[in-house]
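Summary of structural features
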Amino acid sequence: MSKSTARRIVIDGLVFHGDGNPEPLHTGQVTAANITVAPYTQGFEPAFDAMSRWLAKVAQPDLGWRLVLRADDIEQAQAQGQTGLIMGWQNLLPLESRLERIRGFHAMGLRVGQLTYNEANFVADGCGEARGGGLTEFGHAVVAEMNAVGVAIDLSHCSEATVQQAAALSTKPVLLTHANAKSMHDRVRNKTDESIRAVAATGGVIGASIHGFLNWSGDPGQPPTLESFAAHVRHLGNLVGLEHVGIGTDFACVQDPAQVDAVLELSRNYPGPAGVFINAFGNRLADRYPKETPSPREFPAILQALEKAGFTGREIDGIAGGNFLRAFRAIWG
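Residues numbered from 1 in each chain as written. Predicted model: local features only at pLDDT ≥ 70, side-chain atom pairs only at ≥ 80, totals over all residues. Heavy atoms only, no water.

Right, let's get into the state of the cysteines. Scanning the entire structure with this criterion turns up zero disulfides. A disulfide-free cysteine, Cys-127 has its sulfur positioned 8.1 Å from the sulfur of Cys-158, the nearest such atom. By relative accessible area, Cys-158 is classed as buried at 1%. (Disulfide = S-S within 2.5 Å. Buried < 20%, exposed > 50% of the residue type's maximum accessible area, 1.4 Å probe, protein only.)

This is the structure:
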């Protein structure tokens, strides 16, 4: 490659689970990752306990984590050979309609919050809701408070109305940490060109994904490929500019794939976003990704696929991590 990933900041916009060992990310030369650190469908106490366990892990110097609280921490992680932990949620259920908890969880290290998962919550509608609603009144207050406190707004699993309303309301960049273009692959979890433009207009970033729920034509004879991922990146770049494109793999960072079996089974509850893919290819973790990249350890192959597709070294620098870094700096202050 034109530039070694060892000298390039690489940020994974979404890792859906981690067991506390950064080895897969470190092996894959990933500088930092937004890791989901709280249960998807539970409330305050499980989130508090899970984040407390993560803080204990980060405090163990032999593991090599660096807790990311500012954009500078990502650069410091790169300089010191550490792996940056960006604490994120994929649902705001732990707030339990208490706006002040945003500030409390920010103090614990929360830096990315997805407004809702596939279903509706008290903040907004998700992409799995047939009614296609947007933000609630409380959701308007949540967007303003996340902006004020410095928690990045993630809209990846949200409805089209939620994406567009949140983007219009936000005074900071908003993110699609892991989503592709619906006009390329008409999957439930992908976003329309209109929503992608709305996110980019805020200065935000779209984390193009290799994941089969997003990076798949619907043909059961054709599993997800890196070539298809690169085509999504090209489309996003043509639509809004490559400066608004990143990577969000939706990997798991684990030593034992069996540790995420419960999360994989959760996918079966979402037949539109996930079930059709599971029916075609099964429900093993590795089968959700292109064959060359079954885990974060193979992350360099993603960047090699971009180079093979004709992206320049400077463009890949931005896609790999520079664009997310710029957005995080604007959001976190």
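In this model helix H2 (residues 44-58) runs 21 Å from its N-terminal to its C-terminal C-alpha over 15 residues, within 8% of the 21 Å that 1.5 Å per residue would give. Turning to H2, its buried residues number three or more, namely Ala-47, Ala-50, Met-51, Trp-54 and Val-58. Buried positions in H2, seen along its axis, are confined to an arc of 95 degrees and lie on one side of it. For H2, the exposed residues set more than 90 degrees away from the buried face come down to Glu-45 and Arg-53. Packed against the buried residues of H2 are strand S1 (11-18), strand S2 (32-36), strand S3 (65-67), strand S4 (83-89), helix H4 (101-108) and strand S5 (110-114). (Helix = DSSP H or I, 4+ residues; strand = E, 2+ residues; numbered from the N terminus. Expected span 1.5 Å × (residues − 1). Arc of directions from axis to C-beta. Contact = heavy atoms within 4.5 Å.)

Assignment of secondary structure puts Glu-145 in helix H5 (residues 137-149). For Glu-145, a relative accessible area of 17% corresponds to the buried category. For Glu-145, the side chain forms a polar contact with the side chain of Arg-103, separated by 3.4 Å. (Polar contact = N/O pair within 3.5 Å; in protein donor to acceptor, adjacent residues only side chain to side chain.)

With that settled, the discussion passes to empty space enclosed by the protein. Under the criterion given, the structure shown has two cavities of 30 Å³ or more. If you add up the space inside the largest cavity, you get close to 230 Å³. Along the walls of the largest cavity sit 19 residues, with Tyr-117, His-157, Phe-213, Asp-250 and Ser-267 positioned nearest its centre. Elements supplying a minimum of two residues to the lining of the largest cavity: helix H9 (261-267) and helix H10 (271-281). (1 Å grid on protein atoms, 1.4 Å probe; cavity = no way out; pocket = protein on both sides within 12 Å on 5 of 7 lines; lining within 4 Å. Points joined across faces, edges and corners; volume = space filled by probe spheres on them.)

This part is about unusual backbone geometry. In this structure, Glu-96 is a non-glycine residue whose phi angle is positive, near 50 degrees. Inspection of the secondary structure puts Glu-96 in the loop between S4 and H4. For Ser-97, which is not glycine, the phi dihedral falls at a positive 65 degrees. Among the structural elements, Ser-97 can be located in the loop between S4 and H4. The class of Ser-97 is partly exposed, set by a relative accessible area of 41%.

Along the chain, Pro-224 turns up in the loop between strand S8 (205-208) and helix H8 (226-240). Taking C-alpha positions, Pro-224 is 8.9 Å from Asp-287, a pair spaced 63 residues apart along the chain. Excluding anything up to four places from it in sequence, Pro-224 contacts Ile-210, Gly-212, Asn-215, Phe-277, Arg-288, Tyr-289 and Pro-290.

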